[in-house]
Amino acid sequence: MTTVKRNRGKIRFTAFLGCFFTVVTSVFGQQDAQYTQYMYNTVSVNPGYAGSRGHLSIAALYRNQWVGLDGAPETQTLNLHTPLGYRGVGFGISIVNDKIGPTSETYFDADFSYSIQTSFNGKLSFGLKASAHMLDIRYSELDEFEIDPQLQAQQDIRNRFSPNIGAGVYYHTDRFYAGLSAPRILETTHFDESAISTAREQINWYLITGYVYDINPFLKFKPTLLTKLTQGAPLQVDLSANFMYNEKFIGGVAYRWDAAFSGLFGFRISDEILIGLAYDREITDLGGTRFNDGSFEVLIRYDFIRNVGNLKSPRFF
């Protein structure tokens, strides 16, 4: 029964890959990796966030999308960022690997930020991102699918390098944050020697914001919003609502406009360690198939807090 289910899932995803590579043969408006727990992974989309936590912070995230479909998207992210001295400078580095079918992309990013104090609690940060992009397209892996023979005959693209830059502005207080960014500004076009297939990177614009409300001494409420705009792709709007109880337990729900509902759970093992989990369920036609068991995301973050006595409350963002 399991074998039949997997084979049917592969057949169904073959149709998806066929559509994917039909688009690739003309022009492909590439989008950045998707995250449900973006509120804990802000430095990946906005370099102005680097160093804003006030200490060295390391986070790792793994996302498995559309579980049950062979070749479905899979993302791994590792980042760290820290303030440098007392002059408002922040620095971070990150690695993002995003894979879908025979296409794999890896980004190596360096983030720089400069912050100015705008009020007693408010800071405005300006950020720059420098990226090295490695692209793999393994046409040879299409042999198991019924794809256009012209594509199957193409030579694999292996570790094709391209540079990129990004920028962002980020404002935050103890309760509120907002940011606008474009992590990849250069619209690089990747093509093979015969120019049969083309992949073009598009600018992804991000608007993020959130606020923390104290409901009572033990319970906090944080609504957040992420909006992503990419030319040639539908507008993405993510709305989430998280609650933190007793500074340790986090739970909430999220809605991706016309795409998915999500459940989120987090636990602060200590002031330094946060573990987060998320599950997405598609509300599109793809989500209604028997071969899609939803999307899973797990995150772990470690904050190197030098002086816990000066930490009034664990940061919610």
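See the structure printed just above.
Residues numbered from 1 in each chain as written. Predicted model: local features only at pLDDT ≥ 70, side-chain atom pairs only at ≥ 80, totals over all residues. Heavy atoms only, no water.

Right, let's get into the overall build of the chain. Across its full length, the chain holds two helices and 18 strands. Looking at the chain as a whole, 47% of its 317 residues are labelled buried. For the chain, long-range pairs separated by at least 24 residues make up 56% of all intrachain contacts whose partners lie at least 6 apart in sequence. Carbon and sulfur atoms provide 63% of the accessible area of the chain, an area that totals close to 15,400 Å². (Helix = DSSP H or I, 4+ residues; strand = E, 2+ residues; numbered from the N terminus. Buried < 20%, exposed > 50% of the residue type's maximum accessible area, 1.4 Å probe, protein only. Contact = heavy atoms within 4.5 Å. Areas by Shrake-Rupley, 256 points an atom, 1.4 Å probe, with all protein chains shown as cover.)

The next thing to look at is the side chain of His81. Counting through the fold element by element, His81 comes out in strand E3 (residues 74–84). For His81, a relative accessible area of 2% puts it in the buried group. Those residues in contact with His81 that lie beyond four places of it in its chain are Val43, Tyr49, Ala50, Gly51, Ser52, Arg53, His55, Leu56, Ser57, Phe91 and Gly92.

Glancing now at empty space enclosed by the protein. In this approach the atoms are scanned with a rolling probe the size of a water molecule, which exposes any empty space left behind. For the structure shown, the criterion picks out four cavities of 30 Å³ or more. The computed volume of the second largest cavity comes to approximately 70 Å³. The wall of the second largest cavity is formed by Tyr40, Asn41, Thr42, Val43, Tyr49, Arg53, Ser57, Ile58, Ala59, Asn79, His81 and Arg301. Within the residue set of the lining of the second largest cavity, elements represented by two or more residues are strand E2 (57–64) and E3. For the lining of the second largest cavity, a count of residues per class yields five nonpolar, five polar and two charged. (1 Å grid on protein atoms, 1.4 Å probe; cavity = no way out; pocket = protein on both sides within 12 Å on 5 of 7 lines; lining within 4 Å. Points joined across faces, edges and corners; volume = space filled by probe spheres on them. Nonpolar A, V, L, I, M, F, W, Y, C, P; charged D, E, K, R; others polar.)

We now examine the pattern of salt bridges. Summed over the entire model, instances satisfying the criterion amount to twelve salt bridges. For the salt bridge of Arg256 with Asp238, the shortest nitrogen-to-oxygen distance reads 3.1 Å. Within this pair, whereas Arg256 is found in strand E15 (residues 249–256), its partner Asp238 is found in strand E14 (residues 236–245), the two being separated by 18 residues in sequence. You can call Asp238 buried: its relative accessible area is 4%. For Asp303, the salt bridge is made with Arg301, and the minimal N-O distance between the two is 3.7 Å. Overall, the relative accessible area of 1% leaves Asp303 in the buried class. Through salt bridges with shared partners, one network takes in Arg63, Asp238, Arg256, Asp280 and Glu297. (Salt bridge = Lys/Arg side-chain N within 4 Å of Asp/Glu carboxyl O.)

A grouping of Tyr62, Phe218, Tyr245, Phe249, Phe265, Leu277 and Val298 is seen on the molecular surface, where their side chains present a nonpolar patch of about 660 Å² in accessible area. For Tyr62, the location among the structural elements is in strand E2. (Patch = residues over 30% accessible without salt bridge, like charges linked within 9 Å, V, L, I, M, F, W, Y side chains within 5 Å.)

Attention now goes to the packing of aromatic side chains. Within the structure shown, the criterion is met by 14 aromatic pairs. For the pair Tyr255 and Phe261, a centre-to-centre distance of 4.8 Å together with 35° between the ring planes defines the contact as tilted. By relative accessible area, which is 21% here, Tyr255 ends up partly exposed. An aromatic cluster is defined as three or more aromatic residues linked by ring pairs; in this entry it consists of Tyr171, Phe176, Tyr211, Tyr213, Phe221 and Phe243. A cation over a ring is seen here: Arg184 above Tyr107, with NZ or CZ 3.7 Å from the ring centre. (Phe/Tyr/Trp six-rings, centres within 6.5 Å; stacked < 30°, edge-to-face > 60°. Lys NZ or Arg CZ within 6 Å of the ring centre and 35° of its normal.)

Turning next to unusual backbone geometry. Even without being a glycine, Trp66 presents a positive backbone phi close to 55°. Assignment of secondary structure puts Trp66 in the loop between E2 and E3. Given a relative accessible area of 13%, Trp66 falls into the buried group. Positive phi outside glycine occurs at Glu247, with the angle close to 60°. With respect to the element layout, Glu247 can be found in the loop between E14 and E15. With a relative accessible area of 25%, Glu247 lands in the partly exposed category.

A word on the environment of Gly232. Along the chain, the position of Gly232 falls in the loop between strand E13 (219–230) and E14. Judged by its relative accessible area of 85%, Gly232 falls in the exposed class. Counting along the chain gives 30 residues from Gly232 to Gln202, while the straight-line C-alpha distance between them is 8.7 Å.

Purely spatial values, then, with no claim about function.
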